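Examination of the molecular architecture
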Amino acid sequence: MIEILNLRKNFLEQEVLKGVNLKIPDKKVTAIVGRSGCGKTVLLKHIIGLIKPESGQVLVDGDDISRINGSRLNQVKNKFGMLFQGAALLDSMTVFENVAFPLEEKTKLSKAEIKERVQTELKNVGIVGMDAKYPSQLSGGMKKRVGLARALIMQPEIILFDEPTTGLDPIMKKAIHKLIHDTQRRINCTAVVVSHDIPDVFEITDYVVMLHNGVIVEEGDADAFQNSANPSVQQFLKGEIEGPISV
Amino acid sequence: MKKLNMEMTVGLFALVGLICLGYLSVKLGKKEILGTDYYTVYADFSSISGLRENNEIEIAGVSIGNVGKIKLADGMARVEMKVHKGFQLPDDSIISVKTRGLIGDKILNVSLGGSPTIVQPGDVMIETESVIDLENLISEYIFGKV
Amino acid sequence: MNWIERLGSRCIYVLERLGNQFAFIFRIGFWIFKPPFLFGEIIKQAHFIGVRSLAVIILTGAFTGMVLGMQGFYTLSKFGAIGFLGSAVSLSIIKELGPVLSALMVTGRAGSAIAAEIGIMRISEQLDALDTMALHPIKYIVVPKVIAALLCIPLLTAIFDVVGIIGGYVTGVELLGASGGSFVSSMETTVQWEDVHEGLIKSISFSVIISAVCCFEGFYTDIYSGQGAEGVGHATTTAVVISSVMILIWDYFITSVLI
């Protein structure tokens, strides 16, 4: 259970988050939508503790992630897997080494067991026979798949996706969406997706949250969200220039 | 193969680096790693001006050791002499401070004596000649005292 | 803002950055002794910092020694003291030029690459990715580079020293005709362990400066140098400039303490 309480964050003079309150439902896919630069990614990075807030709390199963440290923090981080916008694979390692890295450093599995698990995980995301390739030799969609395999390898309870479809062609977009959906159903985890891929993202989400001007302006089930009476939401969904959100 | 090559080159690099470091510290820096191969005797001088630590000690121009610490004892300069173990000095040998060249280093010159008693480590040599004071010598010559 | 305010904000910025730099060094010091020790990665970095810098170190060492041999020969011949050529060349290389020039060359070759590599890992979120996997980026990325630098730079300096002395011998003795015997004997009598020790202390402290500054600039690219590829470029330049200037300033202080 992830609970965000009155989260505030400034960068220099600019207030990015102005008191975000949010409960992310368990075992569901939650989408955080909003305009580019509205602080969606910043919010996501707060959830996993990459950024420390000015004030407020992020409670992951009751632990405030910005105020714990040491092995306690590592325990909480081990519940997470994260897929970064650019996949963030380590350049100096091959596909296999990238996915195997968390297992090698954090578990005492034998080489054979690691190989077994890495190959299963790569197969699950649809990557076969690419073990020896380097990230620079892969396309954007491939990198995302490998990044997802790496995020899944430690069998996390929560997976965060930071704009998983940005910069991909429409077919690859659908494929990644399907992959997120299937993965969530397969391992029954909590998924949080940051996206401005409207309306495609609604196909895979159970719950939608809209962030605007540093606060949550609307939240609800995917259908309820699309039928929201909030003029900001309607303007955002339809992509209109005129409306309460100024360009 | 590629990985082996890398480890090999790093190993070679470390070896070459350590040899260079060893040369600098052992050969040039005279760092003793395997114990000492010299023994120490002392000599008292009324003046040693210009003599420095690590200057050479010679017999007939052949180096037999180095000057160690220099300190003051009862108004005399007490010089520690590190003499290589192969050389034995009779206890009536005369130790004198000499200059090599006109602006050169000061050295300690040993004129071997004839006594059958050999100096033991830690002994103080008594027969010493201090620095020849060039200025003094010249002024004495000019004013006719010599 | 008037100029006093600008001065004030500048001071605060510099102090904050300095504070973060030292905090960064303490964090490296903390992680450096924590297992696991990533030997494979250290070897890889030693290959990059040490082996790949060898050519440039030998080249600069040889030419530095050769020019010292030549300058020393003509200067000393004015005083009729060519016999001291060996000690002049070896002392200036071992005490001063060896450590400083090796450190500057390594900064230019490896330090800039370290800053750029870590900077790219920062902007492409690779460091964040390690963090989310509960693998500390300082432990996994910075510490191996620091250990490799601490081991390699003193060795590179020793190689520079020896090559430089050989270079001085070649010009002084072989080309200009000073006596080879007096070159070697004056060198062996003048150079003391204290001199070698001084050079060693210098090169170790320079390697701390290089690795700490270059890793710091890369690690905080997004905070201090700006976003994207331009930020990485800026971080690389800053890393080289700050390390080089710090090496020269620190060299003065440490010489005045050790001499």
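Conventions used here
- Each chain has its residues counted from 1, running along the sequence as written.
- For this description, chains carry letters from A and ligands carry numbers from 1, given in the order in which they are written.
- In view of the model being predicted, local features appear only for residues whose pLDDT reaches at least 70, and side-chain atom pairs are presented and counted only at 80 or more, with totals across whole chains, interfaces and linings using the full set of residues.
- With hydrogens and water excluded, all non-hydrogen atoms of the structure serve as input to the side-chain values.
- Whether two residues are in contact is decided by their heavy atoms, any of which lying within 4.5 Å being enough.
- When two components associate, each loses some accessible surface as probed by a 1.4 Å sphere; the sum of these losses over both components is called the buried area.
- Salt bridges are counted wherever a side-chain nitrogen of Lys or Arg sits within 4 Å of a carboxyl oxygen of Asp or Glu.
- Definition of a polar contact: a pair of N or O atoms within 3.5 Å, with one able to donate and the other able to accept a hydrogen when the atoms are protein atoms, and with sequence-neighbouring residues admitted only if both atoms are side-chain atoms.
- Helix and strand labels come from DSSP, where a helix needs a run of H or I of at least four residues and a strand needs a run of E of at least two; each type is numbered from the N terminus.
- Only Asp, Glu, Lys and Arg are considered charged, only Ala, Val, Leu, Ile, Met, Phe, Trp, Tyr, Cys and Pro nonpolar, and every remaining residue, Gly among them, polar.
- By the convention used here, strands pair only if DSSP detects at least 2 bridges between them.
- Note on definitions: angles span 0 to 180 degrees between N-to-C directions of axes, and those axes are lines fitted to C-alpha atoms, for helices only across the stretch in contact.
- Every angle not falling under 35 degrees, over 145, or within 65 to 115 is termed oblique; those three ranges are roughly parallel, roughly antiparallel and roughly perpendicular.
- Put simply, a crossing is left-handed when the front helix is turned counterclockwise from the back one by less than a right angle, and right-handed when it is turned clockwise.
- A score between 0 and 100, pLDDT records how confident the predictor is in each residue.
- At every residue, the bend is computed as the angle between two fitted axes, covering the seven residues ending there and the seven beginning there respectively.
- Throughout this description, buried means an accessible area under 20% of the type-specific maximum (1.4 Å probe, protein chains only), exposed means over 50%, and partly exposed covers the range between.

This next bit is on the interface of chain C and chain A. The interface of chain C with chain A comprises 17 residues on the first partner and 21 residues on the second. Buried surface at the junction of chain C and chain A, summed over both partners, amounts to about 1,500 Å²; 59% is from carbon and sulfur atoms. The three residues of chain C that bury the most area against chain A are Glu 125, Thr 132 and Met 133 of chain C, which together make up 36% of that side's buried surface. Viewed at the interface, chain A and chain C are joined by 3 salt bridges. Between Glu 125 of chain C and Lys 45 of chain A there is a salt bridge; the shortest N-O distance is 2.8 Å. Across the contact surface, chain C and chain A share 6 residue pairs in polar contact (both at pLDDT 80 or more). Broken down by secondary-structure element, the contributors of at least two residues to the side of chain C that touches chain A are helix H4 (85-123) and helix H5 (126-132) of chain C. Classifying every residue of the side of chain C that touches chain A gives 10 nonpolar, 3 polar and 4 charged.

Right, let's get into the sheet that holds strand S3 (residues 29-33) of chain A. All names here are of chain A. Ordered by their spatial adjacency, 6 strands build an open sheet running S6-S7-S8-S3-S9-S10, and the pairing between neighbours is mixed. Looking at strand neighbours, the two that pair on one side only are strand S6 (80-83) and strand S10 (215-221), the edges of this open sheet. Across the sheet, the axes of successive neighbouring strands diverge by a mean angle of 15°, strand direction being ignored. Sheet topology note: the strand S7 (residues 158-162)/strand S8 (residues 190-194) ladder contains 5 bridges and is parallel. In the sheet register, Ile 159 faces S8, and the bridge partner there is Ala 191. Where helix H5 (residues 140-152) meets the sheet, its contacts fall on S6 and S7, and the angle it forms with S6 comes to roughly 170°.

What follows concerns the arrangement of the chains. Take the 2 pairs of chains in contact: the one carrying the most contacts is chains B and C. Chain B makes no contact with chain A, the minimum C-alpha separation between the two being 14 Å.

Moving on: the packing of helix H8 (residues 193-219) of chain C against helix H10 (residues 228-258) of chain C. Residues and elements named next belong to chain C. At a closest axis distance of 9 Å, the pairing of H8 and H10 adopts a crossing angle of 155°. Regarding the angle of H8 to H10, the classification is roughly antiparallel. Note on packing geometry: the crossing formed by H8 with H10 is right-handed. From H8, Glu 198, Ile 201, Lys 202, Ser 205, Phe 206, Ile 209, Ile 210, Val 213, Cys 214 and Glu 217 reach across to H10, where they touch Ala 235, Thr 238, Ala 239, Ile 242, Ser 243, Met 246, Ile 247, Trp 250, Asp 251, Ile 254, Thr 255 and Leu 258. A class-by-class count of the residues in the contact of H8 with H10 yields 14 nonpolar, 4 polar and 4 charged.

Looking at chain C as a whole, the pLDDT averages 91, with 100% of positions reaching at least 70. Two summary scores accompany this predicted model of the complex, namely pTM at 0.82 and ipTM at 0.86.

Looking now at the packing of helix H3 (residues 95-106) of chain A against helix H4 (residues 111-124) of chain A. Residue and element names in this part refer to chain A. The geometry of H3 relative to H4 is characterised by a closest axis approach of 10 Å and an angle of 120° between their N-to-C directions. Accordingly, the angle class assigned to the pair H3 and H4 is oblique. The interaxial crossing formed by H3 with H4 has right-handed handedness. Packed against H3, whose contacting residues are Val 95, Phe 96, Val 99, Ala 100, Leu 103 and Glu 104, the element H4 presents Lys 111, Ile 114, Lys 115, Arg 117, Val 118 and Leu 122 at the interface. Across the contact of H3 with H4, the residue classes break down as 8 nonpolar, no polar and 4 charged.

On the side of chain B, 21 residues touch chain C, which itself brings 24 residues to the contact. Between chain C and chain B, a total of about 2,300 Å² is buried, with carbon and sulfur atoms accounting for 78% of that surface. One can count 0 salt bridges joining chain C with chain B. For the interface between chain C and chain B, the tally reads 0 residue pairs in polar contact (both at pLDDT 80 or more).

This part is about H4 of chain C. At Ile 93 of chain C, H4 of chain C shows its maximal kink, close to 50°. Once H4 of chain C ends, the next one or two residues include Glu 125 of chain C, with phi positive near 65°.

Before going further, it helps to spend a moment on the pattern of salt bridges. Residue and element names in this part refer to chain A. With the rule as written, the count across this model stands at 22 salt bridges over all chains. As a salt-bridge pair, Asp 61 and Lys 79 come within 2.9 Å of each other at their nearest N and O atoms. Here Lys 79 lies in the loop between helix H2 (70-77) and S6 and Asp 61 lies in the loop between strand S4 (55-60) and strand S5 (63-64), a separation of 18 residues in the sequence. Its salt-bridge partner being Asp 63, residue Arg 72 comes within 2.9 Å of it at the nearest N-O pair.

Residues in a regular strand project their side chains so that they alternate between the two faces of the sheet. Residue and element names in this part refer to chain A. Among the 5 residues in S7, 5 count as buried, and that is most of the element. Side chains of S7 alternate between two faces, with Ile 158, Leu 160 and Asp 162 and Ile 159 and Phe 161 buried alike. Note that S6 and S7 share 4 bridges and pair parallel. For Leu 83, the partnering residue across the bridge sits in S7 and is Phe 161.

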